[in-house]
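# Working through the structure, step by step
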Amino acid sequence: EASYIFTPRCHTRDRMRGEFVDLSGARIYYYAAGTRGAGNPVVLIHGFPTSSHLWNDVVPLMPPGHRVVVLDLLGYGRSDRPLGRPVDIAGHAARIVQLLDELRIDQACMVGHGMGGGIAQWLALNHRERVSHIGLIDSVPLGSTQSIHAGVTRAAMPLMGLLPPSVLLSIVRRDLLRGYEDSSRAARSVELYLRPFAGADGRDALVAHLRAGRAPNVAVSALRVPTVLVWGENDRAVPLSTGIQIRDAIHGATLDVVPGARHITPEEAPSEIADAIGRLLS
């Protein structure tokens, strides 16, 4: 359980400390960068089926003077497997509030990708006092009747609990690879993201995530926090039309479109995302 120090591949002097924190009996992994207590804290929230690795190239480009917290949601990356704990958007959001309490962060800018964007929206709607701004990166929409893991769920839902682990994993791998424009980058990252889902126990965790994939039916038009959206022009997992709908629903929201990018924009367009967050915080 020992904490450790590592230095990211970046042009910053900030060191990032990775460690585990116990939240109601579940170990959650997170790391922090930036300057404690200076500027608006920023929480970076990955989606399905990725991990904190998603933000590795964004963190070094973040504007100076802000504490940045990056976590592995329960069931992803280095964090514990779900083991029956809720892994829907509301469940993940509740643990993020607990993490803020542990880190003594009263209020933060929530930036989420994919499902993580749904979590950011949920937090802004249900824990308004804890959210100063939100950044939605190729985000799932709240209030939709579709699954937040639509591509995977349509293919696997009928029999996914009975599929051999390797078969279910291959379905998820195929959909995840489609989110990249750069195939060489995809090859490096995808296996890292899927590592927690290997074997029978991993398959069970993956099934738990997929079955929790219904977005809460709430109205994002009720959001009253400064909001920026960043979207890949060629995102097939959550199409640009969804980003336009979310932007139009949230008063004052802005939308940056990354030409040629697909779904995994934090890896393939980190500077565009960091710049958008910088404008939001300024």
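Please read these numbers as outputs of a predicted model, since none were measured by experiment. (Residues numbered from 1 in each chain as written. Predicted model: local features only at pLDDT ≥ 70, side-chain atom pairs only at ≥ 80, totals over all residues. Heavy atoms only, no water.)

## Comments concerning unusual backbone geometry
- The residue after F48, namely P49, is reached through a cis peptide bond having omega -5 degrees.
- Within the secondary structure layout, P49 lies in the loop between β4 (42–45) and β5 (68–71).
- Even without being a glycine, R104 presents a positive backbone phi close to 55 degrees.
- By the secondary structure assignment, R104 is in the loop between α1 (89–102) and β6 (108–113).
- The backbone phi angle of D138 is positive, close to 45 degrees, even though this residue is not glycine. (Helix = DSSP H or I, 4+ residues; strand = E, 2+ residues; numbered from the N terminus.)

## Observations concerning the side chain of H209
- Tracing the sequence through the fold places H209 in helix α6 (residues 199–211).
- A relative accessible area of 1% places H209 in the buried class.
- Separated by 3.4 Å, the side chain of H209 and the backbone oxygen of G75 make a polar contact. (Buried < 20%, exposed > 50% of the residue type's maximum accessible area, 1.4 Å probe, protein only. Polar contact = N/O pair within 3.5 Å; in protein donor to acceptor, adjacent residues only side chain to side chain.)

## Considerations on the packing of helix α4 (residues 165–177) against helix α5 (residues 183–194)
- Between α4 and α5, the least distance of the axes is 10 Å, while the angle of their chain directions is 140 degrees. Taken together, the axes of α4 and α5 are oblique relative to one another. As for the relative orientation of α4 and α5, their crossing is right-handed in sense. Contacts from L169, V172, R173, L176 and L177 in α4 reach A186, V190, E191, Y193 and L194 in α5.
- Counted by class, the contact of α4 with α5 contains 8 nonpolar, no polar and 2 charged residues. (Axes fitted to C-alpha atoms, helices over the stretch in contact; angles between N-to-C directions. Parallel < 35°, antiparallel > 145°, perpendicular 65-115°, else oblique. Left-handed = near helix turned anticlockwise from the far one by under 90°. Contact = heavy atoms within 4.5 Å. Nonpolar A, V, L, I, M, F, W, Y, C, P; charged D, E, K, R; others polar.)

## Remarks on the packing of aromatic side chains
- This structure, assessed with the given rule, holds 3 aromatic pairs.
- Centre to centre, the rings of F20 and Y29 are 5.6 Å apart; their planes meet at 65 degrees, and the pair counts as edge-to-face.
- You can call F20 partly exposed: its relative accessible area is 25%.
- Centre to centre, the rings of Y76 and F197 are 6.0 Å apart; their planes meet at 85 degrees, and the pair counts as edge-to-face. Of this pair, Y76 sits in the loop between β5 and α1 while F197 sits in the loop between α5 and α6, placing them 121 residues apart in sequence. Pair check on accessibility: Y76 and F197 agree, each one buried.
- Pairwise contacts between aromatic rings join F48, Y76 and F197 into one cluster.
- Its end group placed over the ring of F20, R27 keeps NZ or CZ at 4.1 Å from the ring centre.
- Across from the ring centre of Y29, 4.6 Å away, lies the NZ or CZ of R78, which sits over that ring. (Phe/Tyr/Trp six-rings, centres within 6.5 Å; stacked < 30°, edge-to-face > 60°. Lys NZ or Arg CZ within 6 Å of the ring centre and 35° of its normal.)

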